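# A look at the structure
So you can see what is in the structure, the chains are spelled out below.
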Amino acid sequence: MSAPARTGAPHGAGPRGPQRVRAFWAGPLTTYYLLIGSTVLLLVLGLVMVLSSSAVDSIVAGRSPYATFADQTKYALLGLPIMLVATRMTTAWQARLAWFALVGALAFQALVFVPGIGCGSGGNQNWVCTPVFSAQPSEAVKLALALWLGVVLVRKQPLLGQVRHVVVPALVGSGVAVAAVLAGKDLGTTLVIVLLVAGALFVAGVPMWMFSTGSVAAVVGVTLFIVTDTGSNRTQRIGSWLGDCTDAAGQCFQTDHGTWALASGGVFGLGLGESRQKWSYLPAAHNDFIFAIIGEELGLAGTLLVLGLFAVLAVAMLRIIRHHPEPSARITTGAVLAWVVGQALINIAVVLRLAPVIGVPLPLVSAGGSALTMTMAALGVVISYARSDPQAAAALAARPGVLRRSIAVLGISHRRSRRA
């Protein structure tokens, strides 16, 4: 007798692959998980690559090969509780703290111009250096400005079709922040802040003709700054990028070695720790050009992984912008999206020679304590929005706590042992 034909799915079988993907994508906690997962993976990848790319230079400088990695880990551990606190921030607390945060960040930024405290390198004056700590205040300005724009633009949202309501106070406050950073000749950070402001204004609903006018004004302003900034080599770097760079030992040195690092990595790379360019050939290998080391050691697969993780971050933040009921959450998320993903694209474009070298780190990946902690805090704020979405909040509230789950597991194990 032949076996009876099977009908339907086996008993207890769950949904198949495509169904599971669709169910996950439509789930209330999808955005929450995407944000946490991509942030953690980028952070871990960054720590690994900072260790790999900085060990040689640390030895050459007479330090431990783990010195830069230890510093980066220290700031990651410092940023973790800040990020956790930020994930619990409500829009009500954002409204209370926004003005204080912006004023405090601008006051902190002003310290870079105080003799004996302000410091910098490469012609930029953008750090606060004391015997106790060193920090880059412009990173705090980014976070404070994103929070502040989310508050003030909500109040002005019904009137944003009128120029004066866009200018006051949003563009005035943003202009002060841009001017404070640009006064220190930090063009890269200034461009990121301009992107941040544009992201907030776009999500808030500013008419497109204002964007066109603002874009032209921004291009003119940046061009004038570059042309009149005769005290730096910025003009030469941009000229070398626009033309055929022939100064292999000068203006082309960093970009050439970054290109060679990417080219030598192939599809799967030379292997973790096997970079050749990090042997004092590629300047800022653990910072601005860490993407080149990723390409050399992990190959095309590694670079696509980084791009994919930033794409996941972007998709998660776009979901918040589309679905979150709080306008201030949507606007601040738009600002953080333009900041983090825009800065990542600028950094990668520089390494790929699609943009001139302007000194912008890769968020969560490059070495740099101030940038890392403030980026983690900003993403913590966005995660708080993902948590506060009504459906996500209900799903999180329905989940048993860690203690209850542990007790339940122990209870089941105890009952099974008694039966045995």
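Each value, and the rule that gives it
- Residues numbered from 1 in each chain as written.
- Predicted model: local features only at pLDDT ≥ 70, side-chain atom pairs only at ≥ 80, totals over all residues.
- Heavy atoms only, no water.
- Helix = DSSP H or I, 4+ residues; strand = E, 2+ residues; numbered from the N terminus.
- Buried < 20%, exposed > 50% of the residue type's maximum accessible area, 1.4 Å probe, protein only.
- Contact = heavy atoms within 4.5 Å.
- Areas by Shrake-Rupley, 256 points an atom, 1.4 Å probe, with all protein chains shown as cover.
- Pairing = 2+ DSSP bridges.
- Expected span 1.5 Å × (residues − 1).
- Disulfide = S-S within 2.5 Å.
- Axes fitted to C-alpha atoms, helices over the stretch in contact; angles between N-to-C directions.
- Parallel < 35°, antiparallel > 145°, perpendicular 65-115°, else oblique.
- Nonpolar A, V, L, I, M, F, W, Y, C, P; charged D, E, K, R; others polar.
- Salt bridge = Lys/Arg side-chain N within 4 Å of Asp/Glu carboxyl O.
- Core = buried A, V, L, I, M, F, W, Y, C linked by side-chain atoms within 4.5 Å.
- Left-handed = near helix turned anticlockwise from the far one by under 90°.

### Here's the deal with the overall build of the chain
Helices and strands together make up the secondary structure of the chain, namely 15 helices and three strands. For the chain, buried positions account for 45% of its 420 residues. A sequence separation of at least 24 residues applies to 72% of the contacts in the chain between residues at least 6 apart. As displayed, the chain has an accessible area near 21100 Å², and 68% of this comes from carbon and sulfur atoms.

### Some points on the sheet that holds strand E1 (residues 118–119)
A sheet is described by the order of its strands in space; here three strands give the open sequence E1-E2-E3, paired in antiparallel fashion. One side of each edge strand has no neighbouring strand; the edge strands of this open sheet are E1 and strand E3 (134–135). Inspection of the sheet shows E1 paired to strand E2 (residues 127–129) by two bridges, in the antiparallel sense. Across the sheet, the residue bridging to Gly118 is Val128, located in E2.

### Quick look at helix H10 (residues 253–265)
Between the first and last C-alpha of H10 there are 19 Å, a value that for 13 residues agrees with the 18 Å anticipated at 1.5 Å per step. On its buried side, H10 packs onto helix H11 (290–323). Downstream of H10 by one or two residues, Gly266 has phi in the positive range, about 65°.

### With respect to the state of the cysteines
Under the counting rule described, the total for this entry stands at one disulfide. Here Cys119 connects covalently by a disulfide to Cys129, the sulfurs 1.7 Å from one another. The S-S bond linking Cys119 to Cys129 shows a torsion near 40°; that makes this disulfide right-handed. With Cys119 in strand E1 and Cys129 in strand E2, the pair connects residues that are ten residues apart, well separated along the chain.

### A look at the side chain of Gln72
Note that Gln72 resides in helix H3 (residues 67–86). Not counting the four nearest positions on each side in its chain, Gln72 is found in contact with Leu47, Val50, Val365, Ser366, Ala367, Gly368, Gly369 and Leu372.

### A few points about the packing of helix H2 (residues 30–60) against H3
Contact geometry for H2 and H3: axes closest at 7 Å, N-to-C directions at 160°. When the axis of H2 is compared with that of H3, the two are roughly antiparallel. On the side of H2, the interface is formed by Thr39, Leu43, Leu47, Val50, Leu51, Ser54 and Ser58, while H3 contributes Ala67, Thr68, Phe69, Gln72, Thr73, Ala76 and Met83. Its residues placed into classes, the contact of H2 with H3 shows eight nonpolar, six polar and no charged.

### Re the pattern of salt bridges
Tallying each qualifying case throughout the model produces four salt bridges. The residue Asp71 makes a salt bridge to Arg63 at a minimum N-O spacing of 3.6 Å. For Arg63, a relative accessible area of 43% gives the class partly exposed.

### Considerations on the nonpolar core
Ranked by size, the top nonpolar core spans 101 residues in total, and within it Leu35, Leu145, Leu149, Leu153, Met317 and Leu362 carry the most contacts. Non-local contacts of Met317, meaning those with residues more than four positions away in its chain, are made with Leu35, Thr333, Val336, Leu337, Val341, Leu379 and Val382.

### With respect to the packing of H10 against H11
A packed helix pair is summarised by two numbers, namely the angle formed by the two axes and the spacing between the axes. Put simply, H10 and H11 touch, their axes get as near as 7 Å, and they point 30° apart. Relative to H11, the element H10 is oriented roughly parallel. Of the two elements, H10 crosses H11, and the hand of that crossing is right-handed. In this structure, H10 uses Gly258, Ala261, Leu262, Ser264 and Gly265 to contact H11, whose residues at the interface are Phe291, Ala292, Gly295, Glu296, Gly299 and Thr303. Residues of the contact of H10 with H11, tallied by class, amount to four nonpolar, six polar and one charged.

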